[in-house]
Amino acid sequence: MELLREMLSYPFIVRALISGLFISLCASLLGVSLVLKRYSMIGDGLSHVSFGALSAAIAFGWAPLLVSIPVVVLAAVLLLRITENGKIKSDAAIAMISAGSLAVGIIVTSLTTGMTTDVSSYMFGSILAMSKVDVTLSAALSAVVLGMFALCYNKVFAVTFDESFARATGVNVSAYSMMIAVLTAVTIVLGMRMMGAMLISSLVIFPSLTSMRVFKSFSGVAVSSGCVSVVCFFAGLVLSYAYSIPAGASVVVVNMTAFLLFTIVRTVRCR
């Protein structure tokens, strides 16, 4: 308790904690649908797109979020369109856009500002980078994601498991897929300040995969994924402060530990 009181006495840690909890919740809920639809690596691809956009924004003195959010949303829509046409598989499309965007970001950085503190914080994450604007945006994003799952649960469920059946029942599959892609893009951009481009996709993948070790229903996985993600982020941030290690890496290690624990629980239950 003394450690928590000391940690929460710093305003930048409080901002990081609030933003991180909201972003972790959003990423985990969206991750359930993405993993089941086999789009789990879209988080990694969009984080590289975001890094390229942020590098260009910093180099030219533009507002990073105002540049990166529309660029990443456009990339998410483009990826969705490419995979829907069926001409390029989803994993190949993600890898292509991911590598190209990362290369552009590296070239822009090397030719202009170099590896500044701002660029480094987006690449590897920094709790010092979180601002009041990030807290407000992450809270608004969380409200939208929770609202989508609460009000459109059955339609999200149908789109996730069987798009053909969803279309037959009158669900606008393209609209819901687009909504999930856009919300994922915004989540990735906001989460990069904390986790970094290299690790942000872990918030999308780990909680859902961890929950699937024990739970089988969509609702059970979604609820468990949200809880696991929030708890793991909080524990990771505490460990980061206690042992002076990067917050993003600490959160990922805690998520890995949770995955192993849930796997052990599943093995014991099966026996």
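Refer to the structure presented above.
Residues numbered from 1 in each chain as written. Predicted model: local features only at pLDDT ≥ 70, side-chain atom pairs only at ≥ 80, totals over all residues. Heavy atoms only, no water.

1. Some remarks on the nonpolar core
Selection rule: What makes a nonpolar core is a set of buried Ala, Val, Leu, Ile, Met, Phe, Trp, Tyr and Cys residues whose side-chain atoms join them at distances within 4.5 Å. Partly exposed describes any residue whose relative accessible area lies between the buried limit of under 20% and the exposed limit of over 50%, with all areas from a 1.4 Å probe on protein chains only and scaled to the type maximum. Per the convention used, a helix needs a DSSP run of H or I reaching at least four residues, while a strand needs a run of E reaching at least two, with both numbered from the N terminus. Between two residues, a contact is recorded if the distance between any of their heavy atoms is within 4.5 Å.
Of all hydrophobic cores here, the largest spans 73 residues; its most connected members are Leu46, Val145, Met192 and Met194. The leading source of residues in this core is helix α10 (residues 173–195), at 13 residues. Not counting residues up to four positions away in its chain, the partners in contact with Met192 are Ser47, Ser50, Phe51, Leu54, Ser121, Tyr122, Gly125, Ala197 and Ile200.

2. Concerning the environment of Ser19
Position of Ser19 among the secondary structure elements: in helix α2 (residues 11–36). Taking relative accessible area as the criterion, Ser19 reaches 0% and is therefore assigned buried.

3. Observations concerning helix α13 (residues 247–270)
Stated precisely, the cut-off is as follows: Take the number of residues in a helix, subtract one, and multiply by 1.5 Å to get its expected span.
Between its first and last C-alpha atoms α13 spans 35 Å; for 24 residues at 1.5 Å apiece the expected length is 34 Å, and the two agree. Looking at α13, one finds that the buried residues are Ala247, Gly248, Ser250, Val251, Val252, Val254, Asn255 and Ala258. In this fold, the buried residues of α13 make contact with α10, α11 (202–212) and α12 (218–243).

4. A closer look at the pattern of salt bridges
The test is simple: Criterion for a salt bridge: a side-chain nitrogen of Lys or Arg within 4 Å of a carboxyl oxygen of Asp or Glu.
In total, this model carries 4 salt bridges according to the counting rule given. Residues Glu2 and Arg5 are paired through a salt bridge, measuring 2.9 Å at the closest nitrogen-oxygen approach. Placement of the pair is Glu2 and Arg5 together in helix α1 (residues 2–7), with a separation of 3 residues, close to one helical turn. The burial state of Glu2 is the same as that of Arg5; both residues are exposed. A salt bridge links Glu163 to Lys37; its shortest N-O distance comes to 2.6 Å. With a gap of 126 residues between them, Glu163 in helix α9 (residues 163–168) and Lys37 in the loop between α2 and α3 (42–60) connect regions that are remote in the sequence. Relative accessible area serves as the criterion here: at 28%, Glu163 is assigned to the partly exposed category. Through salt bridges with shared partners, a single ionic network connects Lys37, Glu163 and Arg167.

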